[in-house]
Amino acid sequence: MLEYVAIALLIALALVVALAAIGLGYLFGPRKQSAVKAQPYESGINPFGEGTRRMPVRFYLIAVLFILFDIEVVFFLPWAIAFRQLGLFGLIEMVLFIVILLVGYIYAWKKGALEWE
Amino acid sequence: MTPNLILFLILALVAVATALGMLFSKNAVYSALFLVLNFVTVAVFYLLLGAPFIAMAQITVYAGAIMVLFLFVIMLLGAERLPDTHVLPWQKPLATVLTVILALESTYLLWTKARPSGAVLPPGAEVNTVDNLRAMAMTLFNDYLLPFEVTSVLLLVAMVGVIVLVRREKGQKS
Amino acid sequence: MNLTSQDYQVLAPYILLTAWACVLLLVDLFIPKERKSVTALLAALGLAVTLGVTLSQVGIEQVGFFNMAALDGFSTFVNALLLVSGILGIALAHGYVKRMGIERGEYYTLLLFSVSGMMLMAQATDLIIVFIALELLSIPLYVLAAFARPQLSSEEAGMKYFLLGAFATGFVVYGTALVFGATGTTSLAGIVAAAASPSTSTLLLTIGAALVLVGFGFKVAAVPFHMWTPDVYQGAPTAVTAFMASGAKIAGFAALLRVFATAFPALAVDMTAVLWALAALTMIVGNVIAISQTDIKRMLAYSSIAHAGYILMAFVPYGNPAVRDVSIAAGLFYLVAYAFTNFGAWGVVIALEKKEEKGLAIADYAGLGRKHPLLAAAMTVFMLSLVGLPPTLGLVGKVYLFRAVIAGGFTGLAIIGVLTSLISAYYYLRVVVTMYMKEGEPETVRETWLSLTTALTAIVTVVFSLLPQSLFEWASTAVLKLF
């Protein structure tokens with residue numbers, strides 16, 4: 001478990017910094033409440049409509065493509081770590097893996113799946 | 001009580017609580033967020049069991065990608081608010097009874113017959129080393145080479161499938 | 001760490017077909033819309049070349065890829081049957097998709113991927129590969145079932161098939177996990193070895209095997225896991241249904257045969273009763289519900305369920321070494337008989353189907369005997385074969401099957417088989433009666449490939465039944481290599 005101490009420290013540090021930023025502002029900043037300030041932040045535009053809206057199906061296509069490439073990445077991680085031991089054979093394996101997915105990428109591209117209609 | 005055990009107990013409480021939160025939220029988006037928390041807790045369990053790679057995969061794939069998809073589907077259907085009426089009134093009591101039966105059954109089996117007896121490696125024995133990930137990679141890319149390569153074909157087919165189903169051919173009527 | 005040429009030889013058909021499909025996917029991008037026949041032709045060519053490779057492998061026995069896949073008589077037999085099914089599937093689809101306005105190049109590519117998954121399944125000797133192959137064959141089928149979107153029935157078929165298929169896969173994976181928990185391995189050979197050791201929990205192993213059985217029960221449409229079949233078979237484009245009914249069944253039964261016969265012989269005591277009940281229930285429910293159908297696609301769907309029951313009969317004596325080989329060979333033979341008859345029957349349905357799901361009622365077949373005597377004759381052959389009447393392959397298949405089951409001591413099951421066949425005669429022959437005895441003006445489509453397929457399958461169904469011995473011998477040798 002010792003190798004995770006560094007990660008734990010990092011998390012703790014991140015928490016401290018974040019809490020300090022908020023806490024200091026809370027302590028020293030002036031407080032003036034108004035209706036406008038309580039609005040959700042919409043990059044300076046007055047919010048309209050409901051927060052949750054129905055999404056068009058195109059988002060769904062993008063999300064599925066994202067998952068597929070995400071799963072690919074999961075395989076890259078162990079491969080990169082054992083790259084030296086795996087040698088040339090491992091390289092060929094991964095090239096084949098990527099080539100097969102490249103076929104899918106070219107297909108998706110040509111079909112316009114990456115365009116926003 | 002070892003530190004690991006204390007950690008486990010705390011996390012177990014969080015895991016069960018988030019799972020219940022997911023089940024009982026009226027708003028489907030809240031349910032999804034509870035599920036994210038649950039996934040992350042489970043990822044920490046994997047870490048405790050000495051399987052950092054599974055933990056990271058759990059976070060990237062499940063808490064990341066799959067949840068994005070869930071949220072899209074929820075919003076696509078506009079299903080984030082459940083109606084208050086219960087469509088199936090007998091569902092709750094039946095589910096409760098079945099759950100109790102299942103729990104009793106599995107407890108009985110675990111205590112009497114189905115205890116692993118030697119054939120199964122205890123977790124953390126040989127896997128819990130710094131080289132864990134490397135060892136896993138060596139197995140994955142040697143012994144399990146065929147499943148690995150077929151997986152890429154599977155991903156390709158899924159990609160073609162989703163594009164065929166969602167994209168319209170040029171000139172096709174809507 | 002390297003692979004030898006032996007490894008590549010084991011999976012040569014699979015690798016060839018997958019590579020072909022990948023290239024075809026890209027080539028298809030550059031084939032103009034009105035020339036998609038080229039894609040169909042290229043896809044069929046790929047299947048034919050792979051079939052050539054497969055046939056050149058007859059007699060070779062090897063394992064490869066770290067004991068994850070095997071090449072043996074069994075896999076060669078099943079692969080050949082699957083590839084022929086793929087070719088028939090393309091021949092039926094080619095004109096159909098054009099006529100229905102759903103022609104897209106991906107149809108053929110997805111079909112190739114599905115066949116490659118089915119072949120991998122027949123060769124799998126590790127539960128991990130069984131799982132991945134199951135997905136590889138299923139995902140293209142889900143998409144193909146919904147291919148006629150935005151037609152509602154097709155979308156519904158795709159959705160239902162996908163949800164229940166995913167559910168079924170879940171059962172297979174859960175079962176695999178339990179088997180792994182009990183034995184510490186997913187390799188079929190390893191499972192046998194571990195099952196022999198007294199320290200292995202038989203309970204976990206049995207539950208695992210049962211869950212795997214449930215998953216495959218979904219795939220091959222055995223009762224009580226058949227609920228999706230009528231809706232999916234009816235809603236999917238007819239050409240897809242034809243391919244799905246044969247291909248998915250062949251692959252599912254092939255995997256079930258290999259997994260149970262090689263990995264779970266020790267569980268035969270528990271499993272025989274379960275398989276017996278499944279087979280009996282499937283035959284009865286499939287045939288009885290088929291009686292009341294008025295839509296030909298739905299009727300054939302229930303017929304497909306019923307035939308899953310007949311093929312399941314071949315599994316029942318799998319724990320008895322004396323009759324095991326004969327009965328599994330009979331099962332393989334029956335799969336061949338079913339595949340040809342099935343493609344033929346669906347071919348006739350396609351010939352009569354019109355746009356917007358018209359021409360699919362059994363009543364629409366009235367007058368076919370007078371107006372199109374050849375087509376009606378072919379349909380008569382297929383109906384006779386599905387009942388199991390002479391002179392057809394269906395009869396020979398049933399004779400072999402019932403004989404093997406009786407030799408295994410399951411006379412009761414054979415009697416149920418005969419009785420349900422008698423019941424089935426009612427609804428199959430009703431189609432024949434409608435064609436010849438009733439007046440009507442059916443319109444049919446004439447397409448070269450469709451007519452060829454129907455004629456070919458009709459001829460095979462009749463001719464092979466006159467000389468079934470050689471085919472059965474091939475099936476028997478195929479099985480012998482399994483053990």
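Keep in mind it's a predicted model, so treat the numbers as computed, not measured.

Enquirer: Teacher, can you tell me more about the overall build of chain C here?
Expert: When helices and strands are tallied, chain C shows 20 helices and two strands. For a compact globule of 483 residues, the expected C-alpha radius of gyration is about 23 Å, and chain C comes in at 21 Å, within 12% of that figure. Dimensions along the principal axes, computed over C-alpha positions, put chain C at roughly 70 × 55 × 40 Å. Split into buried and exposed, the 483 residues of chain C put 63% on the buried side. Long-range pairs, those at least 24 residues apart, make up 80% of the contacts in chain C with a sequence separation of at least 6.

Enquirer: Please clarify how the overall build of chain B should be interpreted in this entry.
Expert: Each helix and strand in chain B was counted, giving six helices and zero strands. From first element to last, N terminus to C terminus, chain B shows the α and β order α-α-α-α-α-α. Out of the 174 residues in chain B, the part that is buried amounts to 19%.

Enquirer: Please explain the interface of chain C and chain A as it appears in this structure.
Expert: Accessible area lost on assembly of the parts is the figure often given for the size of an interface. Chain C puts six residues into the contact, and the matching count from chain A is six residues. Residues of the side of chain C that touches chain A, tallied by class, amount to five nonpolar, one polar and no charged.

Enquirer: Looking at this structure, I do not really get the interface of chain B and chain A. What am I missing?
Expert: With 37 residues of chain B at the contact, the number on the chain A side is 39 residues. Of all the elements in the fold, those that place two or more residues in the side of chain B that touches chain A are α3 (52-77), α5 (132-141) and α6 (145-166) of chain B. Per element, the largest residue contribution to the side of chain B that touches chain A is 13 residues, and it comes from α6 of chain B. Here the residues of the side of chain B that touches chain A are counted per class, giving 29 nonpolar, four polar and four charged.

Enquirer: Can you help me understand unusual backbone geometry in this one?
Expert: Residues other than glycine predominantly adopt negative phi, and peptide bonds predominantly adopt the trans conformation. All names here are of chain C. A cis amide bond links Arg149 with the next residue in sequence, Pro150, at an omega value of 5°. Along the chain, Pro150 falls in the loop between α6 (127-145) and α7 (152-183). Here the bond from Val223 into Pro224 is cis, since omega is 5°, no more than 30 degrees from zero. As for its position among the elements, Pro224 is in the loop between α9 (202-219) and α10 (228-235). Positive phi outside glycine occurs at Phe65, with the angle close to 50°. Assignment of secondary structure puts Phe65 in the loop between β1 (62-64) and β2 (69-71). In this structure, Glu356 takes a positive phi of about 55° despite not being glycine. With respect to the helices and strands, Glu356 occurs in the loop between α14 (321-352) and α15 (368-371).

Enquirer: Mind showing me how you'd approach the confidence of the model for chain C here?
Expert: When pLDDT drops low, the exact placement of atoms in the prediction is not to be read closely. All names here are of chain C. Averaged over all residues, the pLDDT of chain C equals 91, while 99% of them reach at least 70. Summarising per-element confidence for chain C, the mean pLDDT is lowest in helix α20 (residues 468-480) (74) and highest in helix α5 (residues 106-123) (96). Both scores are given for the predicted complex: the pTM is 0.89, the ipTM 0.92.

Enquirer: Which parts of the structure should I look at to understand the nonpolar core?
Expert: Soluble globular proteins tend to bury their nonpolar side chains together. Counting residues in each nonpolar core, the largest one holds 230 residues, and the members touching the most others are Leu92, Met121, Leu136 and Ala145 of chain C. Excluding its chain neighbours within four sequence positions, the residues that come into contact with Ala145 of chain C are Ser154, Ala157, Gly158, Tyr161, Val232, Ala236 and Val240 of chain C.

Enquirer: Looking at this structure, I do not really get the environment of Ala95 of chain B. What am I missing?
Expert: Residue and element names in this part refer to chain B. Looking at where Ala95 falls in the secondary structure, it is placed in helix α4 (residues 91-112). Taking the C-beta count within 10 Å as the criterion, Ala95 has 11 such neighbours and is therefore assigned exposed. For the pair Ala95 and Arg134, spaced 39 residues apart in sequence, the C-alpha separation works out to 44 Å.

Enquirer: Is there a simple way to explain the packing of helix α2 (residues 12-28) of chain C against α5 of chain C in this structure?
Expert: For any two helices packed against each other, the geometry comes down to the angle between their axes and how far apart the axes lie. Residue and element names in this part refer to chain C. One can describe the packing of α2 onto α5 by two numbers: an axis separation of 9 Å at closest approach and a directional angle of 165°. With respect to α5, the element α2 is oriented roughly antiparallel. Both α2 and α5 take part in a crossing whose hand is left-handed. Counted together, Pro13, Tyr14, Leu17, Thr18, Trp20, Ala21, Leu24, Leu25 and Asp28 of α2 and Thr109, Leu112, Phe113, Val115, Ser116, Met119, Leu120 and Gln123 of α5 form the full contact between these two elements.

Enquirer: How should the confidence of the model for chain B be read in this particular structure?
Expert: Residues and elements named next belong to chain B. Confidence along chain B averages 79 in pLDDT terms, with 78% of residues attaining 70 or more. Per-residue pLDDT, averaged within each element of chain B, yields its smallest value for α4 (80) and its largest for α6 (93). Low pLDDT, under 50, characterises residues 116-125; the predicted model gives this stretch 14 contacts beyond four residues in sequence or across chains.

Enquirer: Help me understand α3 of chain B, please; the structure alone is not making it clear to me.
Expert: Each turn of an α-helix holds 3.6 residues, which means side chains three or four residues apart point in the same direction. Residue and element names in this part refer to chain B. The end-to-end C-alpha separation of α3 is 36 Å, in line with the 38 Å expected for 26 residues at 1.5 Å each. The principal kink in α3, of about 35°, is found at Met67. Restricting attention to buried positions, one finds in α3 the residues Ala57, Gln58, Ala65 and Met75. Remark: Gly78 follows α3 within two positions and exhibits a positive phi of approximately 60°.

Enquirer: I would appreciate a short explanation of the environment of Glu149 of chain B in the present structure.
Expert: For Glu149 of chain B, the location among the structural elements is in helix α6. If we skip the residues at most four places from it in the chain, Glu149 of chain B touches Leu96 and Phe97 of chain A.

Enquirer: For this particular structure, what's the right way to read the environment of Ile362 of chain C?
Expert: Residues and elements named next belong to chain C. Within the secondary structure layout, Ile362 lies in the loop between α14 and α15. Sequence spacing of Ile362 and Gln293 is 69 residues, and the spatial spacing of their C-alpha atoms is 8.7 Å. In this structure, Ile362 is in contact with Thr294, Ile296, Met299, Arg430, Val431 and Thr434, ignoring residues within four places of it in sequence.

Enquirer: Sorry if this is basic, but what is going on with the packing of α9 of chain C against helix α11 (residues 238-263) of chain C here?
Expert: Residues and elements named next belong to chain C. The contact between α9 and α11 brings their axes to 9 Å, and the two run at 160°. Between α9 and α11, the crossing angle belongs to the class labelled roughly antiparallel. Regarding α9 and α11, the two cross each other, and that crossing is left-handed. In contact with Val212, Phe216 and Lys219 of α9, α11 contributes Ala248, Gly252, Ala255, Leu256 and Val259. Among the residues making up the contact of α9 with α11, the classes are represented as six nonpolar, one polar and one charged.

Conventions adopted
Residues numbered from 1 in each chain as written. Chains lettered and ligands numbered in written order. Predicted model: local features only at pLDDT ≥ 70, side-chain atom pairs only at ≥ 80, totals over all residues. Helix = DSSP H or I, 4+ residues; strand = E, 2+ residues; numbered from the N terminus. Rg over C-alpha atoms; globule rule 2.2 N^0.38 Å. Buried ≥ 20, exposed ≤ 12 C-beta atoms within 10 Å, placed from the backbone. Contact = placed C-beta atoms within 7 Å. Nonpolar A, V, L, I, M, F, W, Y, C, P; charged D, E, K, R; others polar. pLDDT = per-residue confidence, 0-100. Core = buried A, V, L, I, M, F, W, Y, C linked by C-beta atoms within 7 Å. Axes fitted to C-alpha atoms, helices over the stretch in contact; angles between N-to-C directions. Parallel < 35°, antiparallel > 145°, perpendicular 65-115°, else oblique. Left-handed = near helix turned anticlockwise from the far one by under 90°. Expected span 1.5 Å × (residues − 1). Bend = angle between axes of the 7 residues up to and from the residue.

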